[in-house]
Amino acid sequence: MIVILGPTATGKTAIATRLAATINGEIISADSRQVFRGMDIGTGKDLSEYMVDETPIPYHLIDIVDPGTEYSLFNFQHDCYRAYDEIVAHGNMPILCGGTGLYLESVIRAYPIVEVPMNEALRTRLQPLSLDQLSEMLAKLKKLHNHTDTESRERVLRAIEIETFYRDYPQKVENSRKVIEPMAIFGIYFDREVIRQRITQRLKERLENGMIEEVQRIVDRGVSHERLQKYGLEYKYVSLYLQNKLSYDALFEELNIAIHQFAKRQTTWFRRMEKNGISIVWLDGSWSIDEKVQKIVNSLKI
RNA sequence: GGGGAGAUUCCAGAGUGGCUAAAUGGGGCAGACUGUAAAUCUGUUGGGCGACCUUCGGAGGUUCGAAUCCUUCUCUCCCCA
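Residues numbered from 1 in each chain as written. Chains lettered and ligands numbered in written order. Predicted model: local features only at pLDDT ≥ 70, side-chain atom pairs only at ≥ 80, totals over all residues. Heavy atoms only, no water.

Participant: Even after reading the chapter, I still don't get the side chain of threonine 267, so can you show me in this structure?
Facilitator: Structurally, the position occupied by threonine 267 is in helix α12 (residues 248-275). A distance of 2.7 Å separates the side chain of threonine 267 from the backbone oxygen of lysine 264, its partner in a polar contact. Threonine 267 has contacts with Pro7 and Arg192, leaving out every residue within four places of it along the chain. (Helix = DSSP H or I, 4+ residues; strand = E, 2+ residues; numbered from the N terminus. Polar contact = N/O pair within 3.5 Å; in protein donor to acceptor, adjacent residues only side chain to side chain. Contact = heavy atoms within 4.5 Å.)

Participant: I would appreciate a short explanation of helix α5 (residues 131-141) in the present structure.
Facilitator: What sets the pattern is the α-helix's 3.6 residues per turn: residues three or four places apart point alike. Listed in full, the buried residues belonging to α5 are Leu134, Ser135 and Leu138. Buried positions in α5, seen along its axis, are confined to an arc of 100 degrees and lie on one side of it. When the buried face of α5 is taken as reference, the exposed residues oriented beyond 90 degrees from it are Asp132, Glu136 and Lys140. Check the buried side of α5 and you find it contacts α4 (120-126) and α6 (153-168). (Buried < 20%, exposed > 50% of the residue type's maximum accessible area, 1.4 Å probe, protein only. Arc of directions from axis to C-beta.)

Participant: Can you help me understand the protein's contact with RNA strand B in this one?
Facilitator: Residues in close proximity to RNA strand B total 44 residues, the closest being Ser32, Arg33, Tyr166, Arg265 and Arg272. Of all RNA strand B atoms lying within 4 Å of any protein atom, the proportion belonging to sugar or phosphate reaches 55%. One of the side-chain N or O atoms of threonine 100 is found 3.2 Å from a phosphate oxygen in RNA strand B. Between valine 114 and RNA strand B, the recorded distance is 2.5 Å, taken from a backbone N or O atom to a base nitrogen. Only α2 (73-89), α3 (101-108), α6, α8 (192-208), α11 (233-242) and α12 provide two or more residues apiece to the surface near RNA strand B. The element best represented in the surface near RNA strand B is α12, accounting for 10 residues. Taken together, the residues of the surface near RNA strand B break down into 17 nonpolar, 12 polar and 15 charged. (Near = heavy atom within 4 Å. Nonpolar A, V, L, I, M, F, W, Y, C, P; charged D, E, K, R; others polar.)

Participant: In this structure, what is going on with the sheet that holds strand β1 (residues 2-5)? I would like to understand it.
Facilitator: Backbone hydrogen bonds hold the strands of a sheet together, and the pairing may be parallel or antiparallel. What the 6 strands build is an open sheet, ordered β5-β2-β6-β1-β7-β8; its pairing is parallel. Each edge of the open sheet is held by one strand with a lone partner, namely β5 (59-60) and β8 (281-284). The pairing of β1 with strand β6 (residues 93-98) spans 4 bridges and is classified as parallel. When the sheet's bridge partners are listed, isoleucine 4 is paired in β6 with cysteine 97. Against the sheet, α2 contacts β2 (25-30), β5 and β6, and its axis sits at roughly 180 degrees relative to β2. (Pairing = 2+ DSSP bridges. Axes fitted to C-alpha atoms, helices over the stretch in contact; angles between N-to-C directions.)

This is the structure we're talking about:
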């Protein structure tokens, strides 16, 4: 497997598909939002990029669930392994490509994650407890990393559910899966300032190309604004705009900033991966697509 | 032409004599994060390691001490002509 990663607006897909065309690859998308059908413009899902010189490049984990459906880390890892197996069975090269750091890492480092079903009995028992009590309980089950674990009731409940399951069925947590060791991990690098410019430019285009209408369509299909806002960024801000909670100018300005900040968080994650011993080969974003692909192909031959 | 308001650290915006390198918010920067991750959360933000040094439009003054008071200059905004 080859991995291609990078923050948003750095042109990962074009490189991955072009690479796939030259080495018989298939793409596995590692993007937490492109899994949703109909969320296209806002997620930068451009299926035309999967056609290289008249040849369709097979892709996986894009358009696999409807908006509103739960899709989490476990689902991703599970689906990713399945896609990987399929691609290998075709005799092709899996190319994992995306910007969702947690998702990428769950595969690269083979996080042991098992399917943890809803535990209604447990939830009923926890029902009367306060958020503080729940947090205390969770603290006994696992090492809390920061407030993130204990900010919302929903989150703490799920965490307790998972930890309880792990405690009760330790044998299921054993990861039988053979770790997929990527041949190489490539990252696309631009200066932060350049990334910001690219994001702003891209946002203008998205707004001109029907992003607002796209979100409206999702609303029309019955997805709540509350749900939409949890998808963050374009979906959150456009949802607020559609509800008249934001002017058009505020939509542009605030969303733009939010995406800039997101790109920063992504790079923080990639740096963290490197600190944890994952080596990433950075490709200069200003090179042409062909140059980057050539660079990748050359480095794979060595 | 007449009258009024104002110029504060990247931005907005408090601060009206010592407790002020200066509230707060935004932005920036750095970070945490194995089940919402495009989420959620934390730290930091004039310079220097430091006794210290340079900041609140410019210049001058009052005072033991000024972003805060006085004089003057420059610029901006509003109202009336």
